[in-house]
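Examination of the molecular architecture
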Amino acid sequence: MGITIPGFTTRSIGVADGMELNAAVGGQGPALVLLHGFPQTHLMWRHVAPVLAERHTVVCPDLRGYGASSKPAAVAEDTYAKRTMAADIVGLADALGFDRFALVGHDRGAHVAFRAGLDHPHRVSHLGILDIVPTLDTWNVLRGVGAAVGFHLYLMAQPPGLPEQMIAGSADAFFGHFLDAWSTGSRAIPADVRDEYLRACRNAVASIVADYRATATIDIAHDQADLDAGNRLTMPVTVVQQDWGRQLGFDAAATWRPWAADLQHFTTGAGHFMAEEAPEDIARLILDLVKR
């Protein structure tokens with residue numbers, strides 16, 4: 001049957017024409033949607049989601065292009081724009097009957113959550129962001145040799161063809177590199193989960209690259225337009241990050257303040273995969289967020 005989140009039911013849910021998201025749903029109460037990062041699937045929430053489900057209806061989808069969700073070909077510039085992927089999440093909430101929902105995203109899911117908060121403030125009640133800075137700031141803070149930590153961003157920003165070919169030719173080595181390099185302990189991602197992540201990514205190279213390529217193109221345009229127009233996140237926002245500011249030489253909290261009026265910013269001693277390495281801490285911070 002494969003790995004599942006304990007107590008959750010997993011099914012495919014239509015969110016738009018020709019688009020279905022694979023989602024695990026469990027618990028009862030106010031809606032809370034959790035979005036996974038790279039190179040993962042919704043299974044990254046397997047420790048956090050059951051804790052939250054004691055008080056909330058928790059929904060953990062695979063993003064468009066990832067896991068068991070639909071993987072449309074990137075025939076248009078906006079196929080994998082975060083605006084499009086955020087609309088998927090609103091469509092998921094519609095399909096499940098949620099008018100309002102709290103939204104927490106990690107890594108790629110955090111970029112989608114950020115865009116959902118800007119585009120759909122009447123739907124997103126609270127916003128949690130794990131281990132990113134906004135798209136515009138991502139490119140601005142990567143400078144000099146320190147930018148080597150984000151080499152994959154530059155690789156997947158290249159025009160279609162070469163990145164897909166290179167990654168597909170050594171998919172397990174490529175995606176496995178991040179699972180190893182970004183983790184602070186081998187016990188956070190056990191072998192069976194690691195194998196599932198690698199299998200899922202191996203089968204989604206083109207769509208994963210398209211997601212990243214959008215972050216170097218159309219997503220920048222969307223963020224810049226919001227910044228120029230003065231659009232900001234209006235809901236309570238919690239950001240949890242590794243100490244990227246110290247590592248890359250910038251003030252991480254100050255980077256977030258122009259985007260969110262009601263901001264709480266925390267740093268963690270856990271690695272990038274904090275929901276798997278420190279699930280109790282992440283669950284507590286999410287529960288604190290939704291009380292604000």
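Residues numbered from 1 in each chain as written. Predicted model: local features only at pLDDT ≥ 70, side-chain atom pairs only at ≥ 80, totals over all residues. Heavy atoms only, no water.

**Considering the state of the cysteines**
One pass over the structure, following the stated rule, counts 0 disulfides. The closest cysteine sulfur to the non-disulfide-bonded cysteine 60 is located on cysteine 201, 17 Å from its own sulfur. Overall, the relative accessible area of 0% leaves cysteine 60 in the buried class. Here cysteine 201 falls in the buried class, since its relative accessible area comes to 2%. (Disulfide = S-S within 2.5 Å. Buried < 20%, exposed > 50% of the residue type's maximum accessible area, 1.4 Å probe, protein only.)

**Details of the packing of aromatic side chains**
Taken as a whole, this structure holds 13 aromatic pairs when the rule is applied. For the pair phenylalanine 174 and phenylalanine 175, a centre-to-centre distance of 5.2 Å together with 80° between the ring planes defines the contact as edge-to-face. The exposure classification of phenylalanine 174 matches that of phenylalanine 175, with both residues buried. A network of ring pairs unites the aromatic residues Phe38, Phe151, Phe174, Phe175, Phe178, Trp182, Tyr212 and Phe273 as a single cluster. Sitting above the plane of the tyrosine 212 ring, arginine 108 keeps its charged end 3.8 Å from the centroid. In this structure, arginine 232 is placed above the aromatic ring of tryptophan 259, and the distance from its NZ or CZ to the ring centre is 5.8 Å. (Phe/Tyr/Trp six-rings, centres within 6.5 Å; stacked < 30°, edge-to-face > 60°. Lys NZ or Arg CZ within 6 Å of the ring centre and 35° of its normal.)

**A few points about the sheet that holds strand S7 (residues 237-241)**
Overall, mixed pairing links the 8 strands, which are arranged S1-S2-S4-S3-S5-S6-S7-S8 in an open sheet. The sheet is open, and its two edges are formed by strand S1 (9-16) and strand S8 (263-267), each paired on a single side. The average angle at which neighbouring strand axes cross in this sheet is 20°, direction not considered. Relative to S8, S7 runs parallel, the two being bridged by 5 bridges. (Pairing = 2+ DSSP bridges. Helix = DSSP H or I, 4+ residues; strand = E, 2+ residues; numbered from the N terminus. Axes fitted to C-alpha atoms, helices over the stretch in contact; angles between N-to-C directions.)

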